[in-house]
Amino acid sequence: MEDEAPAEPGFWSRLIPACGILCEPFGLFDCLTLQMAALGGAEKSMNERDKDEPTAVSLTEESALRRALHGASAPSDPRILGTTHRAVLAMIDAKVAQIRARRRARTLWWTACSGAAAAVLLVAVGTVRLRRGGAQDRVAVQITGAPRGPAEQVDILAAYRLACRLRDAARVTGADDHNGDGRVDRADVDALARQAVSLAAVHAGRGS
Amino acid sequence: MRLLWLLVLAMLLAAGCVTPASGAGNGSGNAPAAGVLFLPVDLWLDSGAVPLAAYQVELTYDANSVKIVGLEGGTATAYSDAPYYDRAGFEGGRIIVAAFTTEEEGAPRGKVRVARLHLAVAGGVAPDLTAKLMSAARPGGTRIEVDVQLKPSGQGE
């Protein structure tokens, strides 16, 4: 009784594009191909039979018979398409649900990976910045810290050596940034020289 | 208005010209004014055959009678600019002067005048001034010993 149920309206208009888009990777197009082959089979066999065994049936009768066969095997015929439609639709729904689930899982996976990578990058950048900032702070503390004692009294040779290193483009470090401006240049040489001739530093070293 | 400005400018120029003229009329460089003797003193260093790349000298004087009123460089090209010094040393009885050159070819050898101090000596007596070498180096930074002398200007050359 179920086979005689009328086909749902618009079935083919939904089925064909859906199958073309979604079901090709899963072999469902083969099912459609078979169905279409079955529908055209009667006509083909009739034509072949006409070629092989010519009969006395008139053209009018042949046309009528062909129309009748076509009508019997048309897609809108509820006797043929009832269960098939439902089975194909169920398969399509199942496959679409699988595809959606996979897409959702893939999207979640990439989102999670991107988030993790961004978090790792942020942590790395923050760590590097903190370390650099800490180094600069240490240099600044060293420079602007307690007054130098007698042992730390610099002389003009310290300035001379730093000037020679700058002249030779030799490697300098953060400890050479004596004026604390974040770079090592002639101003640091001048700062060292002024420190060498500073009477306040000597007095501080003497405790006066 | 323009005439007024020109008048003010002329007065300023006149005032500026009168001051050195009054000092220059008192003698040959030594300018006693109200019992004060202005005396230029040269700082000489002798490094012998070794080129002098850097020096630091400590000068002491009697702060009660001597004030340093100026400090300039020497005759050697490498030390023609004024040396490094602390301005607090102009009146405190003690000053440190230092200079260096990174031009190895320009480092002078032998006896050279590296600085000149302008002193104001009260009472017109000869100042008690001493110099002590703190450090000196040849090109490359190796410490060397140099002879230090202080002489009134015009006597060391």
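Reading the values: the criteria
- Residues numbered from 1 in each chain as written.
- Chains lettered and ligands numbered in written order.
- Predicted model: local features only at pLDDT ≥ 70, side-chain atom pairs only at ≥ 80, totals over all residues.
- pLDDT = per-residue confidence, 0-100.
- Contact = placed C-beta atoms within 7 Å.
- Helix = DSSP H or I, 4+ residues; strand = E, 2+ residues; numbered from the N terminus.
- Expected span 1.5 Å × (residues − 1).
- Buried ≥ 20, exposed ≤ 12 C-beta atoms within 10 Å, placed from the backbone.
- Pairing = 2+ DSSP bridges.
- Axes fitted to C-alpha atoms, helices over the stretch in contact; angles between N-to-C directions.

### Considering the confidence of the model for chain A
Residues and elements named next belong to chain A.
Piece 1. The predicted model of chain A averages 69 in pLDDT, with 51% of residues at 70 or higher.
Piece 2. The low-confidence segment residues 1–7, where pLDDT is below 50, has 15 contacts with residues more than four positions distant or belonging to other chains.
Piece 3. Considering only residues more than four positions removed or in separate chains, one finds that residues 37–46, a stretch of pLDDT under 50, has five contacts.

### Comments concerning helix α6 (residues 186–197) of chain A
Side chains three or four residues apart in an α-helix point the same way, a direct result of the helix having 3.6 residues per turn.
Piece 1. If you check α6 of chain A, its first and last C-alpha atoms are 17 Å apart, about what twelve residues at 1.5 Å a residue would give, namely 16 Å.
Piece 2. Every buried residue belonging to α6 of chain A is among Asp188, Val189, Leu192, Ala193, Gln195, Ala196 and Val197 of chain A, and all of these are buried.

### A word on the sheet that holds strand β2 (residues 54–61) of chain B
Residues and elements named next belong to chain B.
Piece 1. Spatial strand order, β4-β2-β6: three strands in an open sheet with antiparallel pairing. The sheet terminates laterally at β4 (94–100) and β6 (129–137), the two strands that pair on one side only. The sheet shows a mean angle of 15° between the axes of neighbouring strands, direction not considered.
Piece 2. Note that β2 and β6 share eight bridges and pair antiparallel. Residue pairing across strands places Gln56 opposite Ser135, the latter belonging to β6.

### Considering unusual backbone geometry
Piece 1. Within the chain, Ala169 of chain A stands out as a residue other than glycine whose phi angle is a positive 55°.
Piece 2. Mapping Ala169 of chain A onto the fold places it in the loop between α5 (156–167) and α6.

### Observations regarding the sheet that holds strand β5 (residues 111–122) of chain B
All names here are of chain B.
Piece 1. Sheet architecture is open: four strands sit in the order β3-β5-β1-β7, paired in antiparallel fashion. In this open sheet, the two strands that pair with only one neighbour each are β3 (66–73) and β7 (147–152). Strand-to-strand, the axes of this sheet are offset by a mean angle of 25°, without reference to chain direction.
Piece 2. Here strand β1 (residues 36–46) runs beside β7; their pairing, made up of six bridges, is antiparallel. Looking across to β7, one finds that Asp46 is bridged to Asp147.

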